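Here are the chains, one letter per residue:
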Amino acid sequence: METANQIVPGGSFEVLKLPLGFIRVLEWLFAIFAFATCGGYSGQLRVSVDCINKADSNLSIGINFGYPFRLHQVSFEAPVCEGRAQERLYLVGDFSSSAQFFVTIAVFSFLYSLLATVVYIFYQNKYRENNRGPLVDFIVTVVFSFMWLVSSSAWAKGLSDVKVATDPDEVVLLMSACKVQGNKCGSIYGPIWSGLNTSVVFGYLNFVLWAGNIWFVFKETGWHKGGPRGYPGGTLEKQSTGFNQPAYNQPPYNQPPYNQPPYNQPPYNQPPYSTGDGFSQPLGYNQPVGFSSQGDLGQPSDYSQVGGPTSYSNQM
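So, here is what we can say about the structure in this document.

What counts and how
Residues numbered from 1 in each chain as written. Predicted model: local features only at pLDDT ≥ 70, side-chain atom pairs only at ≥ 80, totals over all residues. Heavy atoms only, no water. Helix = DSSP H or I, 4+ residues; strand = E, 2+ residues; numbered from the N terminus. Buried < 20%, exposed > 50% of the residue type's maximum accessible area, 1.4 Å probe, protein only. Contact = heavy atoms within 4.5 Å. Areas by Shrake-Rupley, 256 points an atom, 1.4 Å probe, with all protein chains shown as cover. Phe/Tyr/Trp six-rings, centres within 6.5 Å; stacked < 30°, edge-to-face > 60°. Pairing = 2+ DSSP bridges. Axes fitted to C-alpha atoms, helices over the stretch in contact; angles between N-to-C directions. Patch = residues over 30% accessible without salt bridge, like charges linked within 9 Å, V, L, I, M, F, W, Y side chains within 5 Å. Salt bridge = Lys/Arg side-chain N within 4 Å of Asp/Glu carboxyl O. Expected span 1.5 Å × (residues − 1). Arc of directions from axis to C-beta. Disulfide = S-S within 2.5 Å.

**Things to note about the overall build of the chain**
Phase 1: Scanning the chain for helices and strands turns up seven helices and seven strands.
Phase 2: For the chain, the succession of helices and strands along the chain, N to C, is α-α-β-β-β-β-α-α-α-α-β-α-β-β.
Phase 3: Looking at the 316 residues of the chain, the share that counts as buried comes to 33%.
Phase 4: If you take every contact in the chain between residues at least 6 apart in sequence, the share linking residues at least 24 apart comes to 70%.
Phase 5: With an accessible surface of roughly 19700 Å², the chain has 59% of that area assigned to carbon and sulfur atoms.

Structure, rendered in structure tokens:
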């Protein structure tokens, strides 16, 4: 598949590895076998008429017939065993409707399978656009499955009637010479039915393929809970099913900081605390208190105490 992708860069042959694409190829091939084995058939049978007068006998009468099996139009010459006279006879039956119906379904399924395979490989984007491709593919697959069942059954019955109408033992009953006692009529050989039997087999195989492919096509539609999925290695662009909205690119709140001057509180200038034992300790607090906050609520929390110095004296 990689070599094929290199040769045809515009397509993706990886889809043929999936059941959906692989079964489409099988449907394409089996449709060819179906209409080829039926539409290309030609058979022959031979009978003999041995008259009492040997000079009037014909020991090898060939009767040729084929698709579309309008046997009532197939004629042959047979002796009447009365001098050199000949009579023109026709086979019985017209089975063209079932045969042509079968071949028509085979041809259209061949064309659709070929078209679907090309779309899978080269036009995946168009196939999956708005989910229309899978839905149409699903409906057509269901219709062809049903038509293959009907046409194969009709052709199977038509083939059975063709075999009866072309049976040499039945054909000799049409000859007037064979109804006269003393004349001997018989069959030399009959038609070979292997090709037509094979066509019926291919018809039912096509029905199985198309019916089995319904599930794989259904999985590609939006009706399936899993939804559509892409093919490996394909050129399908992933489609977004959500709302495409631009992102809200907003700058941060650039709020100027609250630069407040500190609260310059004068120190408590107190005279030293004098004790009787000679120790001297200052009682004032020379300590500035202030806040410089940035990004908060901007409310300074400071307690400013106003009051005079406090003197403690220990009197001995």
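Still more ground to cover, so stick around.
**Description of the packing of aromatic side chains**
Phase 1: A complete count under the given rule lists 19 aromatic pairs for this structure.
Phase 2: Ring plane angle 45° and centroid distance 5.2 Å describe the contact between Phe33 and Phe202, whose orientation is recorded as tilted. Here the residue Phe33 occupies a position in helix H2 (residues 19-39), and Phe202 occupies one in helix H7 (residues 194-218), the gap between them amounting to 169 residues.
Phase 3: Residue class for Phe33 comes out partly exposed when judged on its relative accessible area of 39%.
Phase 4: Residue class for Phe202 comes out buried when judged on its relative accessible area of 16%.
Phase 5: Here Trp215 and Phe218 contribute two aromatic rings whose centre-to-centre distance is 6.0 Å and whose plane-to-plane angle is 35°, an arrangement assigned as tilted. Of this pair, Trp215 and Phe218 are both found in helix H7, three residues apart, which corresponds to roughly one turn of the helix.
Phase 6: Phe218 gets classed as partly exposed once you look at its relative accessible area, which sits at 21%.

**Here's the deal with the sheet that holds strand S1 (residues 42-50)**
Phase 1: Judged by pairing direction, the sheet is antiparallel, and its three strands sit side by side in the order S2-S1-S5 without closing on themselves. Looking along the sheet, the strands with just one partner apiece sit at the ends: strand S2 (58-66) and strand S5 (184-189). Ignoring strand direction, the axes of neighbouring strands in this sheet form an average angle of 25°.
Phase 2: Direction of pairing for S1 relative to S2: antiparallel, over a ladder of seven bridges.

**Here's the deal with a nonpolar patch on the surface**
Phase 1: On the surface, a nonpolar cluster with roughly 340 Å² of combined accessible area is contributed by Leu114, Val118, Phe122 and Tyr123.
Phase 2: Secondary-structure assignment places Tyr123 in the loop between helix H3 (96-122) and helix H4 (124-127).
Phase 3: A relative accessible area of 48% places Tyr123 in the partly exposed class.

**Describing the pairing of strand S3 (residues 75-79)**
Phase 1: As judged from the five bridges shared by S3 and strand S4 (residues 86-90), these two strands associate in the antiparallel manner. Across the sheet, Ser75 pairs through a bridge with Tyr90, a residue of S4.
Phase 2: Hairpin connection, S3 to S4: the antiparallel pair is bridged by six residues, and Cys81 has positive phi, about 60°.

**Some remarks on H2**
Phase 1: Its 21 residues place the ends of H2 29 Å apart at the C-alpha level, agreeing with the 30 Å of an ideal helix rising 1.5 Å per residue.
Phase 2: Where H2 is concerned, the buried positions are Leu20, Gly21, Ile23, Arg24, Glu27, Ala31, Ala34 and Cys38. Buried residues of H2, seen end-on, are gathered within an arc of 155° and therefore sit on one face of the element.
Phase 3: Elements that come into contact with the buried residues of H2 comprise H3, helix H5 (132-165) and H7.

**Side note on the state of the cysteines**
Phase 1: Per the counting criterion, the structure on display carries two disulfides.
Phase 2: Covalently, Cys51 is tied to Cys81 through a disulfide, its sulfur atoms 1.7 Å apart. Around the S-S axis, the bridge from Cys51 to Cys81 shows a dihedral of about -70° and counts as left-handed. Linking Cys51 in the loop between S1 and S2 with Cys81 in the loop between S3 and S4, this pair joins segments that are 30 residues apart in sequence. Accessibility assignment for this pair places Cys51 and Cys81 in one class, buried.

**A word on the pattern of salt bridges**
Phase 1: Enumeration over the complete set of coordinates arrives at six salt bridges.
Phase 2: Between Arg88 and Glu77 there is a salt bridge, with the nearest N and O atoms lying 2.8 Å from each other. Taken together, the positions of Arg88 in strand S4 and Glu77 in strand S3 put the pair eleven residues apart, joining distant regions of the chain.
Phase 3: Overall, the relative accessible area of 34% leaves Glu77 in the partly exposed class.
Phase 4: Note that Lys157 and Asp161 form a salt bridge whose closest N and O atoms lie 2.9 Å from each other. Of this pair, Lys157 and Asp161 both sit in helix H5, separated by four residues, roughly a single helical turn.

All we've got here are geometric facts, nothing functional implied.
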